[in-house]
Every structure is written in C-alpha cells, then in structure tokens.
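Reading the structure
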Amino acid sequence: MDKEHIFFENYARNWDRDRKADDKVLSAFMELAAVRPGSVILDAGCGTGVFLPYLSEAAGRGGCVEGFDYSQQMLDVAEEKFSHLANVTFTPGDVLKYHFPEKHYDVVCCLNFYPHVAAHSREVIRRLYDALVPGGMLLIMHDMPRKAVNAIHGGEPVLPPVDILEEKLISAGFSVVIAMDTERFYFIKVVKAADESDFVYDDDEPRSGVAAHPLHHHHHTETKRVLNRLSRITGHVEAIKRMIEDGRDCSDVLVQLAAVHSAVAGVSRVILKDHIDHCIVDAIEEHDTEAVENLKKAINTFVK
Ligand SMILES: C[S@@+](CC[C@H](N)C(=O)[O-])C[C@H]1O[C@@H](n2cnc3c(N)ncnc32)[C@H](O)[C@@H]1O
C-alpha cells in the first residue's frame, strides 16, 4: 500500500465530517450529465459514496451502479450508508490494476478522483475508455474550483486546465461534449465514439501543416473534431429548446446554456489553434501580412 492509499484507509471514518459535499453542485452535475435510466454506471474512486444516491436515482430500477474504490475502509463506509439502495453494489479495486470488463459501462464517473491518478492519466483514461460501451460517457468532476483542488494537493497542478485534459481525452478517442472550469466547479463530459470507426485518431491526421492547396486554402487537421463538436452543440441547443418548451426550471436551463457557452468557447479554441498552427505559419513564411492582420482581428474578437 502506498502513502496515499494508507491516508484514505485511515481517513475514511472522518471523511464525511471533514469533506461536506456541495449538494447543489452535485445536482447540477446530474443535470449536465443527463444519465439515461437503465444505465450501467461505474463510480470510480467512489470513496464514502457521496455520489451514489444521485447515480442510483438516475439509473433507476432498470440500471445499476458500481461503487469502486481501492480503500476498503472508504468502501465500508459507503456500504454502511447505501447498502439499502437496491441497484448499487460495491467493488474493491485499484483503477490501475483491476480487470474491468470491456465495453460494459454506459457511464463512468470520476468525482474528485482524477488528481489521485493524474500521474498515470493516459493509462487510466485508456482503461476507462475500454471499459465503456461505444457511445458511453466519461465524467470528470470536482465540486470545487480547480485552484482549490490543486491547493489541496500542495499547489501541484494535478488538475490541469480543461483544454489540456480535453486534449488527452480526445487523443484517447473521446469526443468532448461539455468542459467547464468555473469559480465553483470543474466538469468534463466526454463520450466514446458510437462506432469506433467514426473516430479518426490523431495519428491518422497529417501533422506536417504543409499547405496542400494554394494560400488561403490550407489544410485544417482539426476539421473532423470541430464538426463533431459542432454537431454536439447543435444537439445540446435543441435539447435546451425542448426544456424551455416543457417549462423546465430556469436554473436548469441556465446550467445547460452555460455548458453550451463553454462548448462554443472550446470549439473556438480548437479553430484558433488550428489556424495559428497551419495557416498563420504558412502566411508568415510567405509574407502574407493580410492573413496576419486578419488573425489579430480574430483574436481580438475571440478574447472580447
Ligand atoms: C478525494 S476521494 C473522492 C471520493 C468521492 N468520489 C468523493 O467525491 O467524495 C478519492 C478516492 O479515490 C480513491 N482512490 C485513489 N486512487 C485510487 C485508485 N488507484 N483506484 C481506486 N480508487 C482510488 C481513494 O481511496 C478515495 O476514496
């Protein structure tokens, strides 16, 4: 057992006393996640189970939730609190070693968990990707701001800005649906391609940035990613329209709108980066001052 594992074993009985979950934020996470009834859910690093009742309710009688943690003490506390929930089970195991069934879970949740495996992030992301069914979703959530999370971890940047984690998730094969890094919480929702052949791995894309066409018709390596994101944003906006038609609570609608806002900012960042990486590098080489001026204007509009 390493030091951190021992820490959780010893802390389990006092965890709920010292670390009060923010119920409002957890409810907002459930809104953003939009888990379907009947889902098979893994709560990775479930700890004392703060999120289990939310997941249990969302999964409903036709679904099930597996609380998973390497600390037996944490899991014992979770089981004492929530063994009455008929669709919840408890599994001891290390995310880095456990043989998860392949293509099994519809949803994998990591609430306040990612920093504990950040040193092995690629391995963990790959394992959770493999455990998800095609089209399944992975949620990475913190019910406190990123700065506070990193402060708890001695100032180490264990929880990176969303765009950095997004890149890792995308290169593992996920598409980003929502990425929010706010004053109150951190929330990323990504989905595994419904059909794995839909996903074009980064390595399949030309990386050279050499213009295949004359100037102003540069090759954009991120086109597929941008189109995927825009399709999801369109779907999300349609869902918000339906919420308004159904007379849903304004605060729920605002949470969804904030998610769209952050998704639009995310897609803008991808386009801007692509533009800088490819078009502008070429434009500078070819002394195309107009293209450089246009970039300045685009950046000014983007940062307004
Ligand atoms: C900060 S706690 C969060 C617990 C709970 N999700 C919550 O939000 O209250 C992190 C949890 O992850 C568990 N954990 C850390 N590394 C793990 C690993 N490699 N495999 C499984 N569980 C792990 C710890 O035992 C602990 O319960």
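Shown above is the structure to which this text applies.
Structural notes, computed from the coordinates. If you're wondering where the values come from, they're calculated on a predicted model, not measured in any experiment.

1. As for the packing of aromatic side chains
Taken as a whole and assessed by the stated rule, the structure comprises twelve aromatic pairs. When the ring of Y98 is compared with that of F100, the centres are 5.0 Å apart and the planes differ by 65°; the resulting orientation is edge-to-face. According to the relative accessible area criterion, Y98 is partly exposed, its value standing at 27%. F100 gets classed as buried once you look at its relative accessible area, which sits at 12%. Residue placement shows K192 over the ring face of Y129; its charged tip is 4.5 Å from the ring centre.

2. Brief notes about the site of the ligand
Among the 18 residues in the neighbourhood of the ligand, the closest are listed as G45, D69, D94, L111 and N112. Take D69: an N or O atom from its side chain is 2.6 Å from an oxygen atom of the ligand. Interatomic distance of 2.8 Å between a side-chain N/O atom of D94 and a nitrogen atom of the ligand. In the complex, 96% of the free accessible area of the ligand, which totals 590 Å², lies under the protein chains. Placement of the ligand is best described as lying within the largest pocket. Residue assignment for the shell around the ligand shows that the elements contributing at least two residues are α1 (3–18) and α5 (114–117). The residue makeup of the shell around the ligand, split by class, is ten nonpolar, six polar and two charged.

3. Focus: the sheet that holds strand β2 (residues 64–69)
The mixed open sheet is built from seven strands, whose spatial order is β3-β2-β1-β4-β5-β7-β6. The two strands at the open ends of the sheet, each matched to only one other strand, are β3 (88–92) and β6 (174–181). If you compare each strand with its neighbour and ignore which way they point, the axes differ by 15° on average. The pairing of strand β1 (residues 40–44) with strand β4 (residues 105–111) spans three bridges and is classified as parallel. Each bridged residue has a counterpart across the sheet, and for I41 the counterpart in β4 is V107. Each of β4, β5 (132–142), β6 and β7 (186–192) touches helix α2 (residues 23–33); the most contacted strand, β7, lies at about 25° to it. Running over the sheet, helix α9 (residues 223–245) touches β6 and β7 and is turned about 65° from β6.

4. Describing the side chain of E166
Secondary-structure assignment places E166 in helix α8 (residues 162–172). Other than its neighbours up to four places away in sequence, E166 contacts V176, A179, R229 and R269.

5. Comments concerning the state of the cysteines
Counted according to the given criterion, the structure contains zero disulfides. Free cysteine C109: the closest other cysteine sulfur is in C110, separated by 7.5 Å.

6. Digging into unusual backbone geometry
Even without being glycine, K103 reaches a positive phi, approximately 45°. Along the polypeptide, K103 turns up in the loop between β3 and β4. Overall, the relative accessible area of 45% leaves K103 in the partly exposed class.

7. Let's talk about α1
Look at α1: only 20 Å from first C-alpha to last across 16 residues, short of the 22 Å you get at 1.5 Å a residue. Listed in full, the buried residues belonging to α1 are H5, F8, E9 and A12.

8. Quick look at the packing of α1 against helix α4 (residues 72–82)
Viewed as axis vectors pointing N to C, α1 and α4 meet at an angle of 30°, and their least axial separation amounts to 7 Å. When the axes of α1 and α4 are compared, the pair comes out roughly parallel. Residues F8, E9, A12, R13, W15 and D16 of α1 form the contact with α4, whose participating residues are Q72, Q73, M74, D76, V77, E80 and K81. Looking at the contact of α1 with α4 residue by residue, the classes come out as five nonpolar, two polar and six charged.

9. Re the environment of V95
Residue placement: V95 occurs in the loop between β3 and β4. Separated by 22 residues in sequence, V95 and V117 have C-alpha atoms that sit 8.5 Å apart. Dropping the residues within four chain positions of it, V95 is found in contact with A44, F68, F100, F113, V124, R127 and L128.

10. Focus on empty space enclosed by the protein
Going through the model one piece at a time under the given rule, you end up with two cavities of 30 Å³ or more. Considered as a void within the structure, the largest cavity measures approximately 70 Å³ in volume. Around the largest cavity sit E166, V176, V177, I178, A179, R229, R232, I233, S262, A263, G266 and R269, which together line it. Those elements that place two or more of their residues in the lining of the largest cavity are β6, α9 and α10 (250–285). Of the residues assigned to the lining of the largest cavity, the class counts are six nonpolar, two polar and four charged.

11. Some points on the nonpolar core
Counting residues in hydrophobic clusters, the biggest one holds 35 residues, and the most contacted among them are L128, L138, I140, L169, F174 and I188. Within the residue set of this core, elements represented by two or more residues are β1, β4, α5, α6 (121–131), β5, α8, β6 and β7. Look past the residues within four positions of I140 in its chain and what remains in contact with it is C110, Y114, L165, L169, Y186, F187 and I188. Ranked by size, the runner-up nonpolar core spans 34 residues in total, among them F29, V65, F185 and F187.

About the criteria used
- Residues numbered from 1 in each chain as written.
- Predicted model: local features only at pLDDT ≥ 70, side-chain atom pairs only at ≥ 80, totals over all residues.
- Heavy atoms only, no water.
- Phe/Tyr/Trp six-rings, centres within 6.5 Å; stacked < 30°, edge-to-face > 60°.
- Buried < 20%, exposed > 50% of the residue type's maximum accessible area, 1.4 Å probe, protein only.
- Lys NZ or Arg CZ within 6 Å of the ring centre and 35° of its normal.
- Near = heavy atom within 4 Å.
- Polar contact = N/O pair within 3.5 Å; in protein donor to acceptor, adjacent residues only side chain to side chain.
- Areas by Shrake-Rupley, 256 points an atom, 1.4 Å probe, with all protein chains shown as cover.
- 1 Å grid on protein atoms, 1.4 Å probe; cavity = no way out; pocket = protein on both sides within 12 Å on 5 of 7 lines; lining within 4 Å.
- Sits in = over half its atoms within 2 Å of the grid points.
- Helix = DSSP H or I, 4+ residues; strand = E, 2+ residues; numbered from the N terminus.
- Nonpolar A, V, L, I, M, F, W, Y, C, P; charged D, E, K, R; others polar.
- Pairing = 2+ DSSP bridges.
- Axes fitted to C-alpha atoms, helices over the stretch in contact; angles between N-to-C directions.
- Contact = heavy atoms within 4.5 Å.
- Disulfide = S-S within 2.5 Å.
- Expected span 1.5 Å × (residues − 1).
- Parallel < 35°, antiparallel > 145°, perpendicular 65-115°, else oblique.
- Points joined across faces, edges and corners; volume = space filled by probe spheres on them.
- Core = buried A, V, L, I, M, F, W, Y, C linked by side-chain atoms within 4.5 Å.

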